[in-house]
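Topology and contacts: notes
Now for the letters of each chain:
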Amino acid sequence: MAPEPRIVVSRTVPGGARGNDGLRLLMLGCEEAPPYGPPAATAAMFLELLCAAHERHRLLTGSGADDGEEAEGAHQPESAFAISITVYHARADDYPQSSAEWDAFDGIIIPGSLSAAYDTHVAWIRRLHDVIQTEICEKRRKALGVCFGHQCLAHSFGMAPGASASSGGAGRTSGAERRGSASKCSLGPMAGRRRLPLTDEGRLFLGRRNGAEDEECVEMLFTRGDMVQSLPPGAVSLCGTAALPCEACAYFASAEEVEKFRGIVKRQKENGGSGEGPHSRRRTMMVDDRSVPRPYAVTFQSHPEYVTRTGYRGQFARCVAAMEESGAVDDAARRGALADADANYDALERDSLDAVVAAARILGWFQP
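Residues numbered from 1 in each chain as written. Predicted model: local features only at pLDDT ≥ 70, side-chain atom pairs only at ≥ 80, totals over all residues. Heavy atoms only, no water.

Okay, the overall build of the protein chain next. Within the protein chain, the secondary structure is distributed over ten helices and twelve strands. Among the 368 residues that make up the protein chain, the fraction classed as buried is 54%. Taking the contacts inside the protein chain whose residues are at least 6 apart along the sequence as the reference set, 77% of them involve residues at least 24 apart. Total accessible area on the protein chain is roughly 15,300 Å²; 50% of this is exposed by carbon and sulfur atoms. (Helix = DSSP H or I, 4+ residues; strand = E, 2+ residues; numbered from the N terminus. Buried < 20%, exposed > 50% of the residue type's maximum accessible area, 1.4 Å probe, protein only. Contact = heavy atoms within 4.5 Å. Areas by Shrake-Rupley, 256 points an atom, 1.4 Å probe, with all protein chains shown as cover.)

This is the structure:
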């Protein structure tokens, strides 16, 4: 049953472009209570993240005043850009009721949860996997997944259509078209900052300015007990390690698009990926060249929303504390995670916002 009234959070920021005066997103809330919820608070956190990322996008592209550079058309009146997030409740089987209702939004956010994506014997999680497949993957709706959302997107590909809700995820196909799975984290629960190497695909997608010493890695905040273990043929990993290979992912329409994308990555790598300008040639090529296949979904195991003012002292601190209370981490780990995040906040904020800018441009949410 849909709640009354429907929760909508919105904010207007400077910098609409090319007649694009707004961004309307749908959020499938997956946690109804603290420490990560309720959904209204989660949506407010993502709204703050997207507004900050939009400002970062304006600076990176030169559409905002940065380093004394004057953007093309700087003397033209600046338009406004309205961002809104409408909340639906996955736990209550609350989804848009028609294609027209889905189509009213520019994209979908699937945020975090304390639940496990592989607990498909739980009715609402199984239903969420079905919705992801039928309304996002099959129809190529633009989507951003974070933590639980990251895991759900992958795991939804591993579920056999029509398997019973009580199967606990046991009903899987062996065909190559439906690989994808989430599992418990192989390294155990984690809280705090992690620095992860980018894959070749991730360097094309998430790489920052040429010559940056840390261009090969990304630093972001985590509170997690699970991981994406494997991906379907239509997805690629953007960053990870041997033990945690899929820490950020991009989903394409087909395996053929993935092969085309990887061919571009290979050629770009062979050519050195060099370029001039205020932001990396690799990212510019990826988001602006229409011949390059574009993902319909981007997901992060990390929580970029934690770098917002509300998220950092709110959900991040509370989720780390909840992990201690549950025994997932001890007091020393909790204190260390918070202190380390404080000491490295500038890098965490930069990398998190840059990652969201890249995702939003790829998904067409922010205009070049």
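Continuing now.
For any pair of aromatic rings, the description rests on two quantities: the centre-to-centre distance and the angle between the ring planes. The tally for this structure, following the rule as stated, stands at eight aromatic pairs. Where Phe157 meets Tyr251, the ring centres are 5.8 Å apart and the plane angle is 15°; that geometry is what we call stacked. Here Phe157, found in the loop between helix H4 (148–156) and strand S6 (181–184), pairs with Tyr251, found in strand S11 (residues 248–251); they are 94 residues apart in sequence, far enough to count as distant. We classify Phe157 as buried; its relative accessible area is 11%. Of the aromatic side chains, those joined through ring pairs into one cluster are Tyr306, Tyr312, Phe316 and Tyr345. The positively charged end of Arg6 is found above the aromatic ring belonging to Tyr88, 3.8 Å away from the centroid. Over the face of the ring belonging to Phe105 we find Arg24, whose NZ or CZ atom lies 5.0 Å from the ring centre. (Phe/Tyr/Trp six-rings, centres within 6.5 Å; stacked < 30°, edge-to-face > 60°. Lys NZ or Arg CZ within 6 Å of the ring centre and 35° of its normal.)

The subject of this paragraph is the pattern of salt bridges. On inspection of all chains with the given rule, the structure shows 24 salt bridges. Salt-bridge contacts for Lys139 lead to Glu135; the nearest nitrogen and oxygen are separated by 3.2 Å. The partner of Glu324 in a salt bridge is Arg334, with the nearest N and O atoms 2.6 Å apart. Taken as a pair, Glu324 in helix H8 (residues 309–326) and Arg334 in helix H9 (residues 331–343) lie far apart in primary sequence, ten residues in all. With a relative accessible area of 19%, Arg334 lands in the buried category. (Salt bridge = Lys/Arg side-chain N within 4 Å of Asp/Glu carboxyl O.)

For the rest of this paragraph, the subject is the environment of Ala322. Along the polypeptide, Ala322 turns up in helix H8. A relative accessible area of 21% places Ala322 in the partly exposed class. Residues Ala322 and Pro35, spaced 287 residues apart in sequence, show a C-alpha to C-alpha distance of 7.1 Å.

Looking now at the layout of surface pockets. By volume, the second largest pocket is sized at about 490 Å³. At the level of elements, H4, strand S8 (217–224) and H8 are the ones that each hand at least two residues to the lining of the second largest pocket. A class-by-class count of the residues in the lining of the second largest pocket yields 14 nonpolar, nine polar and three charged. (1 Å grid on protein atoms, 1.4 Å probe; cavity = no way out; pocket = protein on both sides within 12 Å on 5 of 7 lines; lining within 4 Å. Points joined across faces, edges and corners; volume = space filled by probe spheres on them. Nonpolar A, V, L, I, M, F, W, Y, C, P; charged D, E, K, R; others polar.)

With that out of the way, let us pick up the pairing of strand S3 (residues 79–89). In terms of burial, S3 is a largely internal element, eight of the eleven residues being buried. Pairing geometry for strand S2 (residues 22–29) and S3, over eight bridges, is parallel. Each bridged residue has a counterpart across the sheet, and for Arg24 the counterpart in S3 is Ser84. (Pairing = 2+ DSSP bridges.)

Turning our attention to helix H6 (residues 255–270). Over its 16 residues, H6 runs 23 Å from end to end, which matches the ideal 22 Å to within 8%, given 1.5 Å per residue. Listing the buried residues of H6 in full gives Val258, Phe261, Ile264, Val265 and Gln268. Axial view of H6: buried residues confined to an arc of 120°, hence all on one face. Seen from the buried face of H6, the exposed residues on the opposite side, beyond 90 degrees, are Glu256, Glu259, Lys266 and Glu270. (Expected span 1.5 Å × (residues − 1). Arc of directions from axis to C-beta.)

A few words now on unusual backbone geometry. Of the consecutive residues Pro34 and Pro35, the connecting peptide bond is found in the cis state with omega at 15°. Locating Pro35 in the fold gives a position in the loop between S2 and helix H1 (39–61). Residue Pro38 is reached from Gly37 by a cis peptide bond, and omega for that bond is 0°. For Pro38, the location among the structural elements is in the loop between S2 and H1.

In this section: the confidence of the model for the protein chain. The predicted model of the protein chain has a mean per-residue pLDDT of 87, with 81% of residues at 70 or higher. Across residues 65–75, confidence stays below pLDDT 50; counting only partners more than four residues off in sequence or on other chains, it has eight contacts. A low-confidence stretch, residues 162–177 (pLDDT under 50), is modelled with 25 contacts involving residues beyond four sequence positions or located in other chains. (pLDDT = per-residue confidence, 0-100.)

Next up on the list: H1. Between the first and last C-alpha of H1 there are 32 Å, a value that for 23 residues agrees with the 33 Å anticipated at 1.5 Å per step. In the stretch just after H1, Gly62 is the one whose phi turns positive, near 85°.

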